[in-house]
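Structural description and commentary
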Amino acid sequence: MSISAALVKELRERTGSGMMECKKALVETNGDIEAAIELMRKTGLAKADKKANRVAAEGQVAISVSADGKTAAVVEVNSETDFVSKGDEFGHFAQSIADAVVANNPADLDALLAMEVDGETINTRRQALVAKIGENIQVRRFARLETDGVFGVYRHGVRIGVLVEMQGGDEALAKDIAMHIAASRPLCVSEEQVDPELVAKEREIFKAQAMESGKPAEIAEKMVEGRIRKYLSEITLLGQPFVKNPDQTVGQLLKEAGASVSQFVRMEVGEGIEKQETDFAAEVMAQVKGS
């Protein structure tokens, strides 16, 4: 049957899909636009399943804060390429997820994917985006914080996002602390929060190095303790030199302001994901041969 341009246009507006894909779906469903939408959703699910095993190590970190400033969320959403992650549609999708986390407080990632936004679950929207863009897209992780103090919020481009919960001080100081965390990558707030096993492991390494130096045992022990103190200052927020004024530590800055950091979350796109090294020219040739 003949499919009118107006019908194709309507389906494109409702699904966001390409013209040829819309026309094909309408032909297969004899011009029934609702059936075409359902067919395209099923096709999108199949495409999403096929792409699910492809490495998605690019993407965006999105942040949302409630209107009253007492709840905040940060999420990481991944794509296969940097090009896709910089697109407006991908950015809007990531931001909508952060907003949904603030509003609904999901228990875990499965609960998040099952939440509805504008009448569709987040996972259904993800699958539709996979079908439209042609890349594996994954919602990787999220964190949601609540406070009776203030939040510091900082996003460096689209790849790094930081939330800081602070008591005392003001939003300007909290943002400065968030910027510092983005740049300096502390593992935790204070020495008390450092894993004892991590300290013990570093102590053994420093001890072996000190003994190899040939120093007397008591001198070697002092060397070890000095290196441990330096190590702890490097990995804890309070011990690090403040990026805007390296002459004082973050701990000293907070003390002067009568403020304290309760917790923080720092997310960077692709942390811990093993990226595939690809030869682009070889990949293109393989596709040419396959076609």
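The structure reproduced in this document is the subject of the present report. Predicted model only: the values in this text are computed from it and were never measured.

Cut-offs and rules
For every chain, the first residue of the written sequence is number 1, and numbering continues from 1 along that sequence. With the structure being a predicted model, the display of local features is reserved for residues of pLDDT at least 70 and the display and counting of side-chain atom pairs for 80 or more, all residues being used for whole-chain, interface and lining totals. Hydrogens and water molecules were not included; the side-chain quantities draw on all heavy atoms of the structure. Secondary structure elements are defined from DSSP: runs of H or I of at least 4 residues count as helices, runs of E of at least 2 residues count as strands, and each element is numbered from the N terminus. To sort residues, take the accessible area from a 1.4 Å probe on protein chains only and compare it with the maximum for the residue type: under 20% means buried, over 50% means exposed, and anything in between is partly exposed. Contacts are assigned to residue pairs that have any heavy atoms within 4.5 Å of one another. For accessible areas, the Shrake-Rupley method is used with a probe of radius 1.4 Å. Any residue's cover is judged against the shown protein chains and nothing else. Buried Ala, Val, Leu, Ile, Met, Phe, Trp, Tyr and Cys residues that are joined via side-chain atoms within 4.5 Å together make up what is termed a nonpolar core. For salt bridges, the criterion is a side-chain nitrogen of Lys or Arg within 4 Å of an Asp or Glu carboxyl oxygen. To estimate how far a helix should reach, multiply one less than its number of residues by 1.5 Å. Along the arc lie the directions from the helix axis toward the C-beta atoms. Between N or O atoms, a polar contact is any pair within 3.5 Å; within protein, one atom must be a potential hydrogen donor and the other a potential acceptor, and residues adjacent in sequence are included only when both atoms are from side chains. A pair of strands is considered paired only if DSSP assigns at least 2 bridges between the two. Fitted lines through C-alpha atoms serve as axes, helices being fitted only where they are in contact, and the angles separating the N-to-C directions of these axes extend from 0 to 180 degrees. Here the word oblique covers every angle except those under 35 degrees (roughly parallel), over 145 (roughly antiparallel) and from 65 to 115 (roughly perpendicular). In the scheme used here, Gly and all other residues not listed as nonpolar or charged are polar, with Ala, Val, Leu, Ile, Met, Phe, Trp, Tyr, Cys and Pro taken as nonpolar and Asp, Glu, Lys and Arg as charged.

**Structural notes on the overall build of the protein chain**
- Broken down by element type, the protein chain carries twelve helices and ten strands.
- Across the 291 residues in the protein chain, those meeting the buried criterion constitute 40%.
- Look at the contacts in the protein chain between residues 6 or more apart in sequence, and 63% of them connect residues 24 or more apart.
- Surface accessibility of the protein chain: about 16300 Å² in total, with carbon and sulfur atoms responsible for 51%.

**Some thoughts on the nonpolar core**
- The biggest cluster of nonpolar side chains holds 22 residues, and the ones touching the most others in it are Val75, Val77, Phe93, Ile97, Leu112, Ile122 and Ile137.
- When residues of this core are traced back to their parent elements, those giving at least two are strand 2 (71-79), helix 5 (88-104), helix 6 (109-114) and helix 7 (122-133).
- The element that contributes the greatest number of residues to this core is helix 5, accounting for eight residues.
- Those residues in contact with Ile122 that lie beyond four places of it in its chain are Phe93, Ile97, Ala100, Leu112, Leu113, Met115 and Val117.
- The next biggest cluster of nonpolar side chains, apart from the first, holds 21 residues, and it includes Val164, Ala174, Ile177 and Ala182.

**What about the pattern of salt bridges?**
- Applying the stated rule across the entire model yields 13 salt bridges.
- The partner of Lys86 in a salt bridge is Asp82, with the nearest N and O atoms 3.0 Å apart.
- For Lys86, a relative accessible area of 58% translates into the label exposed.
- When the shortest N-O distance is used, the salt bridge between Glu268 and Arg185 registers 3.1 Å. In this pair, Glu268 is assigned in strand 10 (residues 260-268) and Arg185 in the loop between helix 8 (171-184) and helix 9 (196-212), connecting sequence segments 83 residues apart.
- Ionic contacts of the salt-bridge type, sharing partners, join the residues Glu76, Arg140, Arg141, Arg185, Arg266, Glu268 and Glu271 into one network.

**Comments concerning helix 9**
- Along its 17 residues, helix 9 runs 24 Å from first to last C-alpha, staying within 8% of the 24 Å computed at 1.5 Å per residue.
- Buried within helix 9 we find Val199, Glu202, Phe206 and Ala210. In a view along the axis of helix 9, the buried residues occupy a sector of 75°, so they form one face of it. Set apart from the buried face of helix 9 by more than 90 degrees, the exposed residues are Glu197, Lys201, Glu204, Met211 and Glu212.
- Of the surrounding secondary structure, the elements contacted by the buried residues of helix 9 are helix 10 (217-235).
- Its side-chain oxygen at 3.0 Å from the backbone nitrogen of Glu197, Asp195 defines the N-terminal cap of helix 9.

**Observations concerning the sheet that holds strand 6 (residues 150-156)**
- Reading across the sheet, the three strands line up as 6-7-10 and stay open at both edges, with antiparallel pairing between neighbours. Whereas interior strands pair on both sides, the edge strands pair on one side only; in this sheet they are strand 6 and strand 10. Going from strand to strand, the sheet's axes swing by 10° on average, the running direction of each strand aside.
- Two elements, strand 7 (residues 160-167) and strand 10, share eight bridges in a ladder whose sense is antiparallel. Residue pairing in the sheet places Glu165 in a bridge with Gln263 of strand 10.

**Here we look at the pairing of strand 1 (residues 58-65)**
- Burial analysis of strand 1 places seven of its eight residues in the buried class, which makes it a mostly covered element.
- With eight bridges joining them, strand 1 and strand 2 adopt antiparallel strand pairing. Considered in strand 2, the bridge of Glu58 is made with Ser79.
- Joining the antiparallel neighbours strand 1 and strand 2 is a turn of five residues, in which Gly69 adopts a positive phi near 75°.

**Describing the packing of helix 8 against helix 11 (residues 250-257)**
- At a closest axis distance of 12 Å, the pairing of helix 8 and helix 11 adopts a crossing angle of 175°. What the angle tells us is that helix 8 and helix 11 run roughly antiparallel. Across the interface between the two elements, Leu173, Ile177 and His180 from helix 8 touch Val250, Leu253, Leu254 and Ala257 from helix 11.
- Tallied by class, residues from the contact of helix 8 with helix 11 come to six nonpolar, one polar and no charged.

**Some points on the sheet that holds strand 5 (residues 138-146)**
- Strand order in the open sheet formed by three strands is 1-2-5, and the pairing between neighbours is antiparallel. Edge positions in the sheet fall to strand 1 and strand 5, since each has one partner strand and no second. Neighbour-to-neighbour, the strand axes of this sheet turn through a mean angle of 10°, independent of strand direction.

**Structural notes on helix 11**
- Taken together, the buried positions of helix 11 are occupied by Val250, Leu253 and Leu254. Relative to the axis of helix 11, the buried residues are bounded by an arc of 95° and lie together on one face. Exposed residues on helix 11 whose side chains face more than 90 degrees from its buried face are Lys255 and Glu256.
- Residues of helix 11 that are buried in the fold lie against strand 7, helix 8, strand 8 (241-242), strand 9 (245-249) and strand 10.
- In the stretch just after helix 11, Gly258 is the one whose phi turns positive, near 65°.

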